[in-house]
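# Commentary on secondary and tertiary structure
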2 protein chains.
Amino acid sequence: MNTIQTCYSPALFPLFKEENAIVVVVDVLRATSAICTAIHHGVDKMIPVAGLDEARKYKAEGYLVAAERNAIKQDGFDFGNSPYHYIDEDLSGKTIVISTTNGTQAIEAAKDSSTILIGSFLNISAIANWILQQERNVIVLCAGWKNKFNLEDSIFAGALGLKLIQSGKFNTVCDSTIAAGYLYERANNDLYGFLEYSSHRNRLKDLQLENDIRYCLTEDQMETIPVYMDGGLVHMSKFEVVNP
Amino acid sequence: MNTIQTCYSPALFPLFKEENAIVVVVDVLRATSAICTAIHHGVDKMIPVAGLDEARKYKAEGYLVAAERNAIKQDGFDFGNSPYHYIDEDLSGKTIVISTTNGTQAIEAAKDSSTILIGSFLNISAIANWILQQERNVIVLCAGWKNKFNLEDSIFAGALGLKLIQSGKFNTVCDSTIAAGYLYERANNDLYGFLEYSSHRNRLKDLQLENDIRYCLTEDQMETIPVYMDGGLVHMSKFEVVNP
């Protein structure tokens, strides 16, 4: 039997670290949904960087760079945080540097972990199915909002937790995972409606990003799992060549 | 309109600090339930100390000292963390030093706040009613378990949040408060049953503290509100003499 834990804030991740655990980083609205979409549509590698200064250095070196803060694409960069940026253009084979308010900070917090997967509702079943073949413990790291709990990442953690526990191969003694499961059960019939009053949906609503939100909340759009390797996020098929 | 926020971990409290907000510290199982019970039964003052070394110094000076770690009363001290310690003995007029795994750490984290109330299900309506007379913002600080989220403190936060929001005088844009409200609604019919799988209830179950748990989950047993003043926790009536 393996265990699943949920960490609601990157700032608390040091309390959860566990050797050999698989860490699933999630920032549903919208960083990890965008990363999944980009890798799924053929982007070769995404390099997550926490700071805008570092992002600017990459930009000066000629890289394509995505940079978002507080839901807004930053001036002078190529992309923001919308998954649609990676659907609408042909970016196959490209490397893209990415820096976001929460998602890339969460990846940074997790980066010493042995395996880091990038999760979203878009690939949630693919993530669950891959994990179920590994016989390793799991920690879901919610990016949250500036180190505070948020609803959308928590319901993802709940959904993934329920899938793993219902397989009979996982259990949990982690209150965050239990709570996240209850929240997902409550949200389940209408994720979009459930987030009506959530803080980040309201931030995005002001920016009229309803289409982005609906897309990010649609389960199982892809089998693609981005995974952290050598400082970048790549398709699982590349990772498995090196880590069979 | 005032706002309510919920902080799930003392380690995250610096993200929530707000000048002039009322902070409600809660550690349902069992520190704040014990403190409410002690003050209600006539204890004059409880001095919260974070460390056991400090608790030992007080003990050496002749103070009555309660000290608990990982749900167990520590050797050489007078009390542990059970509310019944303060019902069964005549402690009226006494000062008691208290150090616990989570509750006193949470009070320590909050101690620069202008008003700190000690909350529990035992006095939840009294707390809500007092707050509704103040026209100030509120932050519920959950003690959690070693800086991790726990279920019992969160459902208290949800219950208090719902009371304040349903008054029409409070709103929230805090996802933790919204989530806590959902969890309380789920738990509401049977708090004891809801916590069946919670991590701390299971720790206490191993120690056969079912009576303590049932007591701590019983709403509205008292009007007493302990409040932090001059390094100690005292009855609200003493606080209001100085802060009318």
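An account of the accompanying structure is given in this report.

### Quick word on the packing of helix 5 (residues 124–132) of chain B against helix 6 (residues 151–166) of chain B
Residues and elements named next belong to chain B. Where helix 5 contacts helix 6, the two axes come as close as 10 Å, and the packing angle between them is 40°. Taken as axis vectors, helix 5 and helix 6 run oblique relative to one another. Along this stretch, helix 5 crosses helix 6, giving a crossing that reads as right-handed. Listed contacts from helix 6 to Ile 124, Ser 125, Ile 127, Ala 128, Ile 131 and Leu 132 of helix 5 are Phe 156, Ala 159, Leu 160, Lys 163 and Leu 164. Classifying every residue of the contact of helix 5 with helix 6 by side-chain character gives nine nonpolar, one polar and one charged.

### Some points on helix 6 of chain B
Given a rise of 1.5 Å per residue, 16 residues ought to cover 22 Å, and the 22 Å separating the end C-alpha atoms of helix 6 of chain B matches this to within 8%. Counting buried residues along helix 6 of chain B, 13 of its 16 residues qualify, which places the element largely inside the surrounding structure.

### With respect to the interface of chain B and chain A
Listed as interface residues are 27 residues of chain B and, on the opposing side, 27 residues of chain A. It is B:Lys148, B:Asp175 and B:Tyr182 that lose the most area in chain B upon contact with chain A, and together they represent 28% of the buried surface on that side. The salt bridge involving A:Glu185 is made with B:Arg186; its shortest N-O contact spans 2.9 Å. One can count eight residue pairs in polar contact (both at pLDDT 80 or more) joining chain B with chain A. If you list the elements that add at least two residues to the side of chain B that touches chain A, you get helix 6 and helix 7 (175–187) of chain B. It is helix 7 of chain B that contributes the most residues to the side of chain B that touches chain A, eight residues altogether. Classifying every residue of the side of chain B that touches chain A gives 14 nonpolar, seven polar and six charged.

### Some words on the environment of B:Asp44
All names here are of chain B. Structurally, Asp 44 can be placed in the loop between helix 1 (31–40) and strand 3 (45–48). Relative accessible area serves as the criterion here: at 28%, Asp 44 is assigned to the partly exposed category. Through-space distance from the C-alpha of Asp 44 to that of Gly 93 is 4.6 Å; in sequence the pair is 49 residues apart. Contact partners of Asp 44, with chain neighbours within four places excluded, come to Ile 39, Gly 93, Lys 94, Thr 95, Leu 233, Val 234 and Lys 238. In this structure the side chain of Asp 44 is engaged in a polar contact, spanning 2.6 Å, whose partner is the side chain of Lys 238.

### Digging into the nonpolar core
Within the largest apolar cluster, 168 residues are counted, with the highest numbers of intra-cluster contacts made by A:Ile131 and B:Ile131. The contacts of A:Ile131, once residues within four sequence positions are left out, are A:Ile22, A:Val24, A:Leu117, A:Val138, A:Leu160, A:Leu164 and A:Phe170. In terms of nonpolar packing, the next biggest core, distinct from the first, is built from nine residues, A:Val49, A:Leu52, A:Ala55 and A:Tyr58 among them.

Calculation criteria
- Residues numbered from 1 in each chain as written.
- Chains lettered and ligands numbered in written order.
- Predicted model: local features only at pLDDT ≥ 70, side-chain atom pairs only at ≥ 80, totals over all residues.
- Heavy atoms only, no water.
- Axes fitted to C-alpha atoms, helices over the stretch in contact; angles between N-to-C directions.
- Helix = DSSP H or I, 4+ residues; strand = E, 2+ residues; numbered from the N terminus.
- Parallel < 35°, antiparallel > 145°, perpendicular 65-115°, else oblique.
- Left-handed = near helix turned anticlockwise from the far one by under 90°.
- Contact = heavy atoms within 4.5 Å.
- Nonpolar A, V, L, I, M, F, W, Y, C, P; charged D, E, K, R; others polar.
- Expected span 1.5 Å × (residues − 1).
- Buried < 20%, exposed > 50% of the residue type's maximum accessible area, 1.4 Å probe, protein only.
- Buried area = accessible area lost by both parts, 1.4 Å probe.
- Salt bridge = Lys/Arg side-chain N within 4 Å of Asp/Glu carboxyl O.
- Polar contact = N/O pair within 3.5 Å; in protein donor to acceptor, adjacent residues only side chain to side chain.
- Core = buried A, V, L, I, M, F, W, Y, C linked by side-chain atoms within 4.5 Å.

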